4 protein chains.
Amino acid sequence: MVGHGFMGAAHSQAWRVAPRFFDLPLRPELALLAGRDRGRTEDAARQWGWAETVTDWREAVARDDIDLVDIVTPGNSHAEIAIAALEAGKHVLCEKPLANTVEEARAMADAAGRAAARGAKAMVGFTYRRLPATSHARNLVASGAIGTVRQVRARYLQDWLVDADAPLTWRLQQEHAGSGALGDLAAHAIDLAQFITGQDLTEVSGTLDTLVPNRPLPAEATDGAGGGAGLGAAGGGSEVLAPVTVDDVALFTGRFADGVLGSFEASRMATGRKNALQLEVSGSLGAVRFDLEDLNFLEYYDAAALPDRQGFTRIMVTEPEHPYLSAWWPAGHSLGYEHGFVHQMKDLVDAIAAGTQPTPSFADGLQVQEVLGAVARSAGKASIWTPVH
Amino acid sequence: MVGHGFMGAAHSQAWRVAPRFFDLPLRPELALLAGRDRGRTEDAARQWGWAETVTDWREAVARDDIDLVDIVTPGNSHAEIAIAALEAGKHVLCEKPLANTVEEARAMADAAGRAAARGAKAMVGFTYRRLPATSHARNLVASGAIGTVRQVRARYLQDWLVDADAPLTWRLQQEHAGSGALGDLAAHAIDLAQFITGQDLTEVSGTLDTLVPNRPLPAEATDGAGGGAGLGAAGGGSEVLAPVTVDDVALFTGRFADGVLGSFEASRMATGRKNALQLEVSGSLGAVRFDLEDLNFLEYYDAAALPDRQGFTRIMVTEPEHPYLSAWWPAGHSLGYEHGFVHQMKDLVDAIAAGTQPTPSFADGLQVQEVLGAVARSAGKASIWTPVH
Amino acid sequence: MVGHGFMGAAHSQAWRVAPRFFDLPLRPELALLAGRDRGRTEDAARQWGWAETVTDWREAVARDDIDLVDIVTPGNSHAEIAIAALEAGKHVLCEKPLANTVEEARAMADAAGRAAARGAKAMVGFTYRRLPATSHARNLVASGAIGTVRQVRARYLQDWLVDADAPLTWRLQQEHAGSGALGDLAAHAIDLAQFITGQDLTEVSGTLDTLVPNRPLPAEATDGAGGGAGLGAAGGGSEVLAPVTVDDVALFTGRFADGVLGSFEASRMATGRKNALQLEVSGSLGAVRFDLEDLNFLEYYDAAALPDRQGFTRIMVTEPEHPYLSAWWPAGHSLGYEHGFVHQMKDLVDAIAAGTQPTPSFADGLQVQEVLGAVARSAGKASIWTPVH
Amino acid sequence: MVGHGFMGAAHSQAWRVAPRFFDLPLRPELALLAGRDRGRTEDAARQWGWAETVTDWREAVARDDIDLVDIVTPGNSHAEIAIAALEAGKHVLCEKPLANTVEEARAMADAAGRAAARGAKAMVGFTYRRLPATSHARNLVASGAIGTVRQVRARYLQDWLVDADAPLTWRLQQEHAGSGALGDLAAHAIDLAQFITGQDLTEVSGTLDTLVPNRPLPAEATDGAGGGAGLGAAGGGSEVLAPVTVDDVALFTGRFADGVLGSFEASRMATGRKNALQLEVSGSLGAVRFDLEDLNFLEYYDAAALPDRQGFTRIMVTEPEHPYLSAWWPAGHSLGYEHGFVHQMKDLVDAIAAGTQPTPSFADGLQVQEVLGAVARSAGKASIWTPVH
């Protein structure tokens, strides 16, 4: 694994837990952790159970005894690491967003295509697909339970930047993060919307904004590539203000392949919303809706039910009939955020063992990146409708 | 109408509104308002549109041009007025609880039985039966949608006595109110539970408590029979404490005719609960639940649904297919508290015109009163199980 | 009153009820009902209690004994009637949207300005402002309880057009309705957002769509100007398909005067959503959110609360401290849809008696119409950002 | 660890995860798994990472290299194992309920008392105390945030026995399970109520019922001591009916030490309720409520808030200020059922290292058992009020 911040903790936990609850065809070993700062990397390895450490990820890629490289660094380093790993014949799991630019993402998808011919698998880490409720939503939509999809409402609302004094960390700097709410949050909403509807966005009209344009620099500079299990907003700020160079709100309207109309919002300024990735899909025969703050539930509306019994049904998605659940606890026992990562590892290992393409692929990641790029281009041209491809 | 407090306002509004929205076979006229204090009665008549006033209800009962007597006074006066009215050949609508004691209630039910033979109809005012959501619940249960009923959970939670300085009004004095949370709140829960399940309670084990046993007397004594659209808790208290002689919490377990098990709570000390009359009925094939604080909704669980789609469905009970709704606004437009009263007047007028017995009858009111009496008796004997009849 | 459909019923009920619950300085009399079809107008007058009828609204405007003209006809007739009434010195209440075009709305606002100089008052009927919860939201925002407003999320979701066989009524024809979800639903969302934030929209980027472009003509042609308490979707369709000439979904992003960013959606295709006018306002110190399907509640987030106690507080807006509530029932007793109309009549009568300008004024209605117009213009130009004025 | 069913999986996972997220003073090693069936025990050890296995728990107790015995067998074996382990100087963690009878529980508490003098710690596994939301509730109550506690409403509702054909497993047999909903579910509600209020129940009036008195024997007899991660309800039933010898519903009213009044229900027949451990505590200044089906949330009512802003605040208990949370993910990221077990292990290890008494102690477990016993005694005597001690 390359990197060891918040995502590193989530991935490590998932690699350790997956084989306990699922009957995996291959046994993951937490062999090697790469991080730039030796001390912090060794601490992380100890905490999360990695056998060895290196300070240069190139060493990991070069070693013969490494089969898979898991990339949890900030987006600006994804392309270089992933492409090198794929060219070295490693399987790759890369955190989302696939990259900070469409160009990088395309190079990665190309590399993944070449590597696939040699048997190396590449997957991008949109773990919210792998919550039982979102998987179940996709299954319901795919089964025709809501008929023809017509509208999607997707938003990802957080509030950790509401405080104008929250410091300017790497996530607020374009050179490290690529974009703000757009790449960090909208990327999830886009992937989830495309996953659940089974359709790709083709055209967008978007707006980006930075509602708090200047923020204090952190009291102590932080290292972009590692450290901390949090979002990087903790800790006090200095008295020096500097410009925020990414968006804190992204809004766009999108068209999917089959004419479906979607509205999207990503915000880090949505006061009181802690982690509200919300999706609602309206179809000709029903609807589904999901909220990450209540991740064990899916709401389903059946327009074919008796007229006096229609309403949104709040399904607690913890039954053995629901995706991934038979491996876990009895019905009614909640799963948490981290279980999506466990399912990701299971699905990836299954695909590697079976020799099939894991999803979301780098091509899927590129598609998301292209949507993000189109939103940014549209936003730069007074929100004019802009094709994704 | 006799009396003109909070309930007088609700009834007056309902008498005026019912013929506008429903096609009634008879046209109600707000002929005469009776109240002990001439000035306040005249004010109320003006406000609510009553043509005349009297200060002695006996005048109303004696008049030939009065067809129906609507009784909205405190419970201790119900029996005398209702029996006199029935004996004078009037139809009677009497607010709940039917009376303050089982003896009075029985005398009233007897009088209603005799009057029925002469064509006079008597009805007790459990209006919560007549909300679309509760009516729909009963219809679902009666249709077999939840299978065999097994358990009932009923509670009516309010919090207007949480403040230990809330003054000691007539509602907290046994001689006026008969009982406290029991007669005021549990009576509703009992009626609703019996109505929705279609079964009567036969046996109870109960507990009554007065968690705040002394309260300040009101700064100014209030008249038990009239005044104010509120619950009588408003206004400051004096510095003189006096004992509260009714319960502020009533808890009981009950058995229904077919072995159904019920748990009941009525509380005026449920901090934060404003008007939470909640009912849940568990059956072998499903369940329904209702909360008066969200009165336009009924939740329905269908245990026969596909296993991966089960959950409580939140039905917005505002469709034309739902009870009473075709007379009102388009689907999705909420009704309020007072609409239950409008439906009560419609149903009563329909029954009078058709010559059928309106429900809930005085016998139904007596049944509730007998349950209340059995709870009080059980509470007086260390909660031992006590038959209702 | 001119017109007597769904809105006519709501207004009639409100005119009758307002003086019962509120102490009005003037006494409304339901003098005259105007409708094109004599029989149906007479039926409506009987049902809703209007003393007389005419078949030409001009007669009403010409009569000396009429002080106020209440216009509840479809939007294409508003301008002519309202201007004539104002020029005749009548006060005017006009249903929303003020008109079907900006030009008509401007003419109306101009007429209202001229009439104001002569003492005639004009008001447009955005009644959702007058629900206790929305009024309370405005008060909270105005008091600084949520700090500086930064974002607004507003949507009005209904689902009565999800069925592709729902017939093509006047509401789906541009010549009668002007627009579809935009004028009918987005108008409410815009007014409410401007009311609660106290800021006007200045610029928009919008998209309109008609997801079901052809629908069956009604089995029997209906009269655009009257009839039925419903939304006009009831009744079967014929087998002849015709084009829907209005939008069924409207999406736009908007900028308010102070830089606040808003996202708006209006949809008649939001499966399972019955009447979900939802508004969320995010500020630097808190947030409020509202949903018309739960209209007795307002959710409030206080970012200044202790960190371990923050969350959305679900306020049941039925306390005497809340707007309009002291006139109604005790705390905890729900109001419904129609109460907003009662409050509208109260506020209008108060303003007339006091000689002050009632709000929302025709100028406010024009502002909404200009936003609608700008959305339509933007939608016609690939969603490019378009100034409202 | 002795036993390896559903609870064995939960404990194993917790032992493995706790040291990764928390900085523990001692390092747990999963040394030895004891189970009666060699093959199944070895399978479980492999799956959950235990180093060795034995088929007789006495071997574990006899070994010098074992410091702690974790007991996850059915309740009828707890006493023998726990007492032997304590007498051998081991620390003991014992699943709830502490035992199947008061006598056994008392013997265990006595043994724990004697062992404490020798430095061995004993703890009973009421893990629901250790969810962040329930811990936070206790902290709020202890801090005075809700004033004087007056009422408790506690219920634990499940529905896995609604199907009358669900087979008669060990959990439905008195000789294995002791009691039904009472010991399995009410025990949790009692412990949680006592934990959050800080008060013990002193007196109860209870009712037990078996609404489905006969059920099919399992198609294949199952071993009471092990097997399966589920609740034992899975799998088909044979055609032979046999009596259910435990309750499926338990209802009781209770009195706490300071006069607080509590109502309790435990049901396995609550159709649609999957795992609804619900607790509401009403105090003189506020209230808290919790539902295990939404375990990341606590609702808090502050009666001292401004009158127009009162309501239940839905706190997402995932902030660093909340109990246990600083070890986990950023704010807004949900935890699940199993995290309570992780926190249990952390707290136990901390107490062992510090030489302090972990809670809940065996004495706390005995108190719960005494309440259960008093409920059963009261139920056997027509629900008469019965002292706990």
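Residues numbered from 1 in each chain as written. Chains lettered and ligands numbered in written order. Predicted model: local features only at pLDDT ≥ 70, side-chain atom pairs only at ≥ 80, totals over all residues. Heavy atoms only, no water.

### Thoughts on the packing of helix H5 (residues 102-117) of chain B against helix H10 (residues 362-380) of chain B
Residues and elements named next belong to chain B. Applied cut-off: Axis angles are defined between N-to-C directions and span 0 to 180 degrees, where every axis is a line fitted to C-alpha atoms and, for a helix, only to the segment in contact. Secondary structure elements are defined from DSSP: runs of H or I of at least 4 residues count as helices, runs of E of at least 2 residues count as strands, and each element is numbered from the N terminus. Oblique is the label for any angle not covered by the other classes, which are roughly parallel (under 35 degrees), roughly antiparallel (over 145) and roughly perpendicular (65 to 115). Crossings are sorted by hand: turned counterclockwise from the far helix by less than a right angle, the near helix makes the crossing left-handed, and turned clockwise it makes it right-handed. Contacts: residue pairs with any heavy atoms within 4.5 Å of one another. Gly is placed with the polar residues, together with every amino acid not listed as nonpolar (Ala, Val, Leu, Ile, Met, Phe, Trp, Tyr, Cys and Pro) or charged (Asp, Glu, Lys and Arg).
The N-to-C vectors of H5 and H10 enclose an angle of 165°; their axes lie 9 Å apart at closest approach. Here H10 runs roughly antiparallel to H5, going by the angle between their axes. At the point where H5 passes H10, the crossing takes the left-handed sense. Within the contact between the two elements, H5 uses Val102, Ala105, Arg106, Met108, Ala109 and Ala112 and H10 uses Phe362, Ala363, Leu366, Gln369, Glu370 and Gly373. Looking at the contact of H5 with H10 residue by residue, the classes come out as 8 nonpolar, 2 polar and 2 charged.

### A word on the domain arrangement of chain A
All names here are of chain A. Basically, it comes down to this: The domain limits used here are those given by an automatic or database domain assignment. Note on definitions: buried area is the accessible-area loss of two parts on being combined, 1.4 Å probe, summed for both. What counts as a salt bridge is simple: a side-chain nitrogen of Lys or Arg found within 4 Å of a carboxyl oxygen of Asp or Glu.
Its domain assignment divides chain A into domain 1 (6-126) and domain 2 (129-358 + 368-380). Taking the mean C-alpha position of each, domain 1 and domain 2 sit 22 Å from one another. In this complex, domain 1 contributes 39 residues to the contact, which on the side of domain 2 involves 47 residues. Buried surface at the junction of domain 1 and domain 2, both sides included, amounts to about 3,700 Å², of which 68% is carbon and sulfur. Looking only at domain 1, the three residues that lose the most surface to domain 2 are Phe6, Phe22 and Phe126, adding up to 21% of its buried area. Inspection of the region where domain 1 meets domain 2 yields 2 salt bridges. The partner of Arg106 in a salt bridge is Glu370, with the nearest N and O atoms 2.8 Å apart.

### Here's the deal with unusual backbone geometry
Formally: Partly exposed describes any residue whose relative accessible area lies between the buried limit of under 20% and the exposed limit of over 50%, with all areas from a 1.4 Å probe on protein chains only and scaled to the type maximum.
With an omega of -5°, the peptide bond between Thr359(B) and Pro360(B) qualifies as cis. You can see Pro360(B) is positioned in the loop between helix H9 (339-354) and H10. Of note, the amide linkage connecting Lys96(D) to Pro97(D) takes the cis form, showing an omega dihedral of -10°. Examined against the element boundaries, Pro97(D) turns out to sit in the loop between strand S4 (91-95) and helix H5 (102-117). At Tyr324(A), a position not held by glycine, the phi torsion is positive, near 70°. Tracing the backbone through its elements, the reader meets Tyr324(A) in the loop between strand S15 (312-316) and helix H9 (339-354). Residue Ala382(C) is not a glycine yet carries a positive backbone phi of 55°. With respect to the helices, strands and loops of the structure, Ala382(C) is situated in the loop between helix H10 (362-380) and strand S16 (386-387). Among the residues examined, Ala382(C) registers a relative accessible area of 31% and is labelled partly exposed.

### Considerations on the UniProt feature "domain: Gfo/Idh/MocA-like oxidoreductase N-terminal" (unreviewed entry) in chain A
Put simply, the rule is: UniProt positions are given in the numbering used here, feature names are shortened, and annotations may be inferred rather than shown by experiment.
UniProt feature "domain: Gfo/Idh/MocA-like oxidoreductase N-terminal" (unreviewed entry): in the numbering of this structure it lies at residues 1-115 of chain A. In residues 1-115 of chain A, the share of helix is 50% and the share of strand is 13%. The end C-alpha atoms are 19 Å apart.

### Let's talk about the sheet that holds strand S5 (residues 122-125) of chain D
Residues and elements named next belong to chain D. Test applied: Here, strands pair whenever DSSP counts at least two bridges between them.
Sheet architecture is open: 3 strands sit in the order S3-S4-S5, paired in parallel fashion. Edge strands, defined here as strands with exactly one partner in the open sheet, are strand S3 (68-71) and S5. Going across the sheet, the axis of each strand differs from the next one's by a mean of 10°, ignoring polarity. Direction of pairing for S3 relative to S4: parallel, over a ladder of 4 bridges. Within S4, the position partnered with Leu68 by the bridge is His91. The strands touched by helix H10 (residues 362-380) are S4 and S5; relative to S5, the strand with the most contacts, the crossing angle is about 45°.

### A few points about the relation of the copies chain A and chain D
Two chain copies, one operation linking them: a rotation about an axis together with a shift along it. Heads up, the condition is: We place the copies in one frame by least squares, fitting the C-alpha atoms of every residue whose pLDDT is at least 70 in both.
Expressed as a screw operation, the relation of chain A to chain D combines 0.0 Å of axial shift with a rotation of 180°, fitting to an RMSD of 0.0 Å. Those values place the two copies in the arrangement expected of a two-fold rotation axis. No C-alpha of chain A approaches the rotation axis more nearly than that of Gly336(A), which lies at 2.1 Å. Mapped onto chain D, 100% of the interface residues of chain A again fall at the interface, so both copies present the same surface.

### Things to note about the interface of chain A and chain D
Interfaces are often sized by the accessible area lost when the parts come together. Note the threshold: Pairs of N or O atoms are called polar contacts if they sit within 3.5 Å, as long as, within protein, a hydrogen donor faces a hydrogen acceptor (for residues adjacent in sequence, only side-chain-to-side-chain pairs).
Each partner contributes to the interface: chain A provides 38 residues, whereas chain D provides 38 residues. Buried surface at the junction of chain A and chain D, both sides included, amounts to about 3,200 Å², of which 56% is carbon and sulfur. Viewed at the interface, chain D and chain A are joined by 2 salt bridges. A salt bridge links Asp294(D) to Arg314(A); its shortest N-O distance comes to 2.9 Å. The tally of links between chain A and chain D comes to 16 residue pairs in polar contact (both at pLDDT 80 or more). Elements that contribute at least two residues to the side of chain A that touches chain D include exactly helix H1 (6-21), helix H2 (38-48) and S15 of chain A.

### Section: the packing of helix H8 (residues 181-197) of chain D against H10(D)
Between two packed helices, what matters for the description is the angle formed by their axes and the separation of those axes. Residues and elements named next belong to chain D. It is the contact of H8 with H10, at a shortest axis distance of 9 Å, that shows an interaxial angle of 125°. For the element pair H8 / H10, the angle class is oblique. You can see that H8 and H10 cross each other, and the crossing is right-handed. Touching Leu182, Gly183, Ala186, Ala187, Ile190, Asp191 and Gln194 of H8 are Gln367, Val368, Val371, Leu372, Val375 and Ala376, all from H10. Class assignment of the residues belonging to the contact of H8 with H10 gives a composition of 9 nonpolar, 3 polar and 1 charged.

### What about the interface of chain D and chain B?
Between chain D and chain B, the contact holds 44 residues from the first and 45 residues from the second. Between chain D and chain B, the buried area comes to about 3,200 Å², and carbon and sulfur atoms account for 50% of it. Here chain D is connected to chain B by 6 salt bridges. Linking Arg273(B) and Glu280(D) is a salt bridge whose minimum nitrogen-to-oxygen distance equals 2.4 Å. In this assembly, chain D and chain B are joined by 22 residue pairs in polar contact (both at pLDDT 80 or more). Considered class by class, the residues forming the side of chain D that touches chain B number 17 nonpolar, 16 polar and 11 charged.

### Considering the environment of Ala122(D)
All names here are of chain D. When you line up the elements, Ala122 lands in strand S5. Given a relative accessible area of 4%, Ala122 falls into the buried group. Expressed as a C-alpha distance, the spacing of Ala122 and Gln151, which sit 29 residues apart in the sequence, is 31 Å.

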